[in-house]
Amino acid sequence: MTTPRRAPGGFPVIGIVGGGQLARMCAGPAAELGLTLSVLAEDPDASAALVVPSSPVGEHTDAEAVLAFAAACDVVTFDHEHVPAEVLDELVATGVPVHPTPEALRFAQDKLAMRERLGELGVPCPRWARADTLADVEAFGAAVGWPVVAKTPRGGYDGKGVRVVDTAAELTDWLERAAHAGTGLLLEERVPFRRELAVLLARSPSGQAAAWPVVETVQTDGICTEVLAPAPDLDPDLSARAVEAGLRVAGALGVTGVLAVELFEVEDTDGEPAFVVNELAMRPHNSGHWSMDGAVTGQFEQHLRAVLDLPLGSPRPLAPWTVMANVLGGDYPELYPTYRHVMARDPEVKVHLYGKGVRPGRKIGHVNVSGDDLADLRERAGHAADYIQGVVTE
Ligand code: ADP
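So, a few notes on the structure that sits alongside this text.

Rules of the game
Position labels on residues start from 1 in each chain and follow its written sequence. In view of the model being predicted, local features appear only for residues whose pLDDT reaches at least 70, and side-chain atom pairs are presented and counted only at 80 or more, with totals across whole chains, interfaces and linings using the full set of residues. Excluding hydrogens and water, the side-chain values take into account all heavy atoms of the structure. Structural elements are reduced to axes, namely lines fitted to C-alpha atoms, with helices fitted over the stretch in contact, and the angle between N-to-C directions of any two is expressed from 0 to 180 degrees. A run of H or I in DSSP counts as a helix once it spans at least four residues, and a run of E counts as a strand once it spans at least two, with each numbered from the N terminus. Angle categories are assigned with fixed cut-offs, so that under 35 degrees is roughly parallel, over 145 is roughly antiparallel, 65 to 115 is roughly perpendicular, and the rest are oblique. Rotating anticlockwise by less than a right angle from the far helix to the near helix defines a left-handed crossing, while the corresponding clockwise rotation defines a right-handed one. By definition, residues are in contact when any of their heavy atoms lie within 4.5 Å. Only Asp, Glu, Lys and Arg are considered charged in this grouping, and only Ala, Val, Leu, Ile, Met, Phe, Trp, Tyr, Cys and Pro are considered nonpolar; every other residue, Gly among them, is considered polar. A pair of strands is considered paired only if DSSP assigns at least 2 bridges between the two. For every residue, the accessible area obtained with a 1.4 Å probe (protein chains only) is divided by the maximum for its type, and the residue is called buried under 20%, exposed over 50%, and partly exposed between those limits. What the arc covers is the set of directions going from the helix axis to the C-beta atoms. Grouping buried Ala, Val, Leu, Ile, Met, Phe, Trp, Tyr and Cys residues that are joined through side-chain atoms within 4.5 Å yields what is termed a nonpolar core. Whether a residue is near a molecule or strand depends on its heavy atoms: it is near if one of them lies within 4 Å of it. By the criterion applied in these results, polar contacts are pairs of N or O atoms within 3.5 Å in which, for protein atoms, one can donate a hydrogen and the other can accept it, and in which residues neighboring in sequence qualify only through two side-chain atoms. Note on areas: these come from Shrake-Rupley sampling with a 1.4 Å probe, and a residue is covered only by the protein chains present in the view. Pairing of aromatic side chains requires ring centres within 6.5 Å, counting the rings of Phe and Tyr and the six-membered ring of Trp. Pairs whose planes differ by under 30 degrees are stacked, by over 60 edge-to-face, and all others tilted. Over a ring means this: the NZ of a Lys or the CZ of an Arg is within 6 Å of the ring centre and within 35 degrees of the ring normal. Here, two cysteine sulfur atoms that lie within 2.5 Å of each other are counted as a disulfide.

Below, the discussion takes up the packing of helix 11 (residues 336–345) against helix 12 (residues 374–388). Running from amino to carboxyl end, helix 11 crosses helix 12 at an angle of 155°, the nearest separation of the two axes being 8 Å. Comparing the axis directions of helix 11 and helix 12 gives the class roughly antiparallel. The hand of the helix 11/helix 12 crossing is right-handed. Residues T338, Y339, H341, V342 and R345 of helix 11 form the contact with helix 12, whose participating residues are H383, A384, Y387 and I388. For the contact of helix 11 with helix 12, the class distribution of residues is five nonpolar, three polar and one charged.

Glancing now at the sheet that holds strand 5 (residues 148–151). Spatial strand order, 4-7-5-6: four strands in an open sheet with antiparallel pairing. Here the strands that pair on one side only, and so sit at the sheet edges, are strand 4 (128–131) and strand 6 (162–165). Here the average twist between neighbouring strands, direction ignored, is 30°. Strands in contact with helix 6 (residues 134–144) are strand 4, strand 5 and strand 7 (185–189); relative to strand 7, the strand with the most contacts, it is inclined by about 15°.

Okay, helix 7 (residues 172–181) next. Inspection of helix 7 places W174, L175 and A178 among the buried residues, and these make up the whole buried set. Down the axis of helix 7, the smallest arc covering the buried residues is 100°, so these residues share one side. Summarising the geometry of helix 7, the exposed residues directed more than 90 degrees from the buried face are E176, R177, A179 and H180. In this structure, the buried residues of helix 7 make contact with strand 4, helix 6, strand 5, strand 6 and strand 7. Residue G182 follows helix 7 closely and has a positive phi angle near 70°.

Time to look at the sheet that holds strand 3 (residues 75–78). Spatially, the three strands line up as an open sheet ordered 2-1-3, and their pairing is parallel. Only two strands of the sheet have a single partner each, and these edge strands are strand 2 (36–40) and strand 3. The mean inter-strand angle of the sheet, taken between neighbouring strand axes irrespective of direction, is 30°. In this structure, strand 1 (residues 13–17) lies alongside strand 3, joined through four bridges in parallel fashion. Residue V17 lies in a different strand from strand 3, and its bridge partner there is F78. Taken strand by strand, helix 1 (residues 21–33) contacts strand 1 and strand 2, and its axis lies near 170° from that of strand 2.

Turning to the nonpolar core, a few remarks are in order. One finds F78, L259, L280 and M282 to be the most contacted residues of the largest nonpolar core, which totals 47 residues. Considering every element that reaches this core, the biggest residue donor is helix 8 (residues 236–253), with seven residues. When neighbours within four sequence positions are excluded, L259 is seen to be in contact with V199, L200, L201, G246, V249, A250, L280, A281 and M282. In terms of nonpolar packing, the next biggest core, distinct from the first, is built from 22 residues, M25, V39, A48 and Y354 among them.

Running from amino to carboxyl end, helix 1 crosses helix 10 (residues 299–307) at an angle of 75°, the nearest separation of the two axes being 8 Å. As summarised for this structure, helix 1 and helix 10 are arranged roughly perpendicular, according to the angle between their axes. In contact with L22, M25, C26, P29, A30 and L33 of helix 1, helix 10 contributes F300, E301, L304 and R305. Looking at side-chain class alone, the contact of helix 1 with helix 10 contains eight nonpolar, no polar and two charged residues.

Near the ligand lie 20 residues; those nearest to it are K111, K151, G159, V191 and E196. Between a nitrogen atom of the ligand and a main-chain N or O atom of E189, the distance comes to 3.0 Å. With respect to the ligand, the backbone of V191 contributes an N or O atom lying 2.9 Å from a nitrogen atom. Its free accessible area being 550 Å², the ligand has 88% of it covered by the protein chains. Elements supplying a minimum of two residues to the shell around the ligand: strand 5, strand 7, strand 12 (257–267) and strand 13 (273–281). Taken together, the residues of the shell around the ligand break down into six nonpolar, four polar and 10 charged.

Centre distance and the angle of the planes are the two values used to describe a pair of aromatic rings. Evaluated as defined, the whole model comprises two aromatic pairs. Across from the ring centre of W174, 4.4 Å away, lies the NZ or CZ of R163, which sits over that ring.

Once that is clear, we can look at the environment of R194. Turning to its location among the elements, R194 is positioned in the loop between strand 7 and strand 8 (195–203). In contact with R194, not counting residues within four places along its chain, are E265 and E267.

To continue, consider the state of the cysteines. Using the criterion set out here, one finds zero disulfides in the structure. No disulfide involves C224; its sulfur sits 18 Å from that of C26, the nearest cysteine. Looking at C224, the relative accessible area reads 9%, which means it is buried.

Okay, structure coming up:
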């Protein structure tokens, strides 16, 4: 295993388990802050391995590989939440600081545990239940009305692991698999939301916290395609309550690093704006990519500062609006020509690509653009993202 080369001056080495784009986007801020990164990558061509010199190859499920990797690091954090609990326990036992801690991370790994804990904290959630049998699903559907949203408690992303069903029978295969794994399924009422929002904040081990403005996230086919920062026309009281809930969750769960709280904006029984929490992510998050160019401190820099227990940077926006549009893989694997065109057409658009091979629907990059005119920014960000992926050619 290669040992990361330490910068002189007493600066720590931060280890990130997982070599995806989130680890990759920490590389720029780490370099600027004079910190050394090391990444445990799934393979030598992983997104982060292409830009981080110390990128030993190993699986996040392999305790031996994770421990050997961590031995050369001063703090360990994560690119994703899929490291198994047994591996996390062994990692913590070595004495290396791990952020977020396994106790906190559990609530981002397991949606049933998350729902239970948020309920205890009095945070508004959709009505939910655990289902182990068809009868459980029938009973829940009868109580909240069909359709019902079913989720696998672990391992879902980009809408994989979410199914909207009109009958219990549609969940027969999932129930069998859940019974086999001993996990159960999470059932939720289908929330008639107005739109999706996200609270993003960072919290350090000593308890300092800083929240960015609440954003609107736009999903297409279960995948986030666009983020508007801040969320347009958001009721100031709702915004304050959402941020308060996010900070309370972060404090109560002992979250360290970046926390994203995904919300549905709804109307309460009086027709007033309200929210319910969809899910938690304890890492930099797609809803925070705008902050790389649109805030004094971007989420990747802030995550590094938080896991090192450094003072946090200001989350203040630099412009009235920033729009982020995801670049999803399309039919054309050659991105270099299209990205040249985007740069020429609109020098204010900031392009971020992840060094990933193109597969249809895969998140391969994003663009940010900031300014005063939201409609104009949306048009420009959308055009740039579409052009890079070859959806439009003009
Ligand atoms: P993932 O972990 O795969 O991102 P989510 O739980 O965030 O899964 O769900 C993906 C999308 O499915 C959400 O962004 C939302 O659009 C929709 N969704 C999830 N839960 C509900 C619900 N209870 N009611 C209505 N829509 C939902």
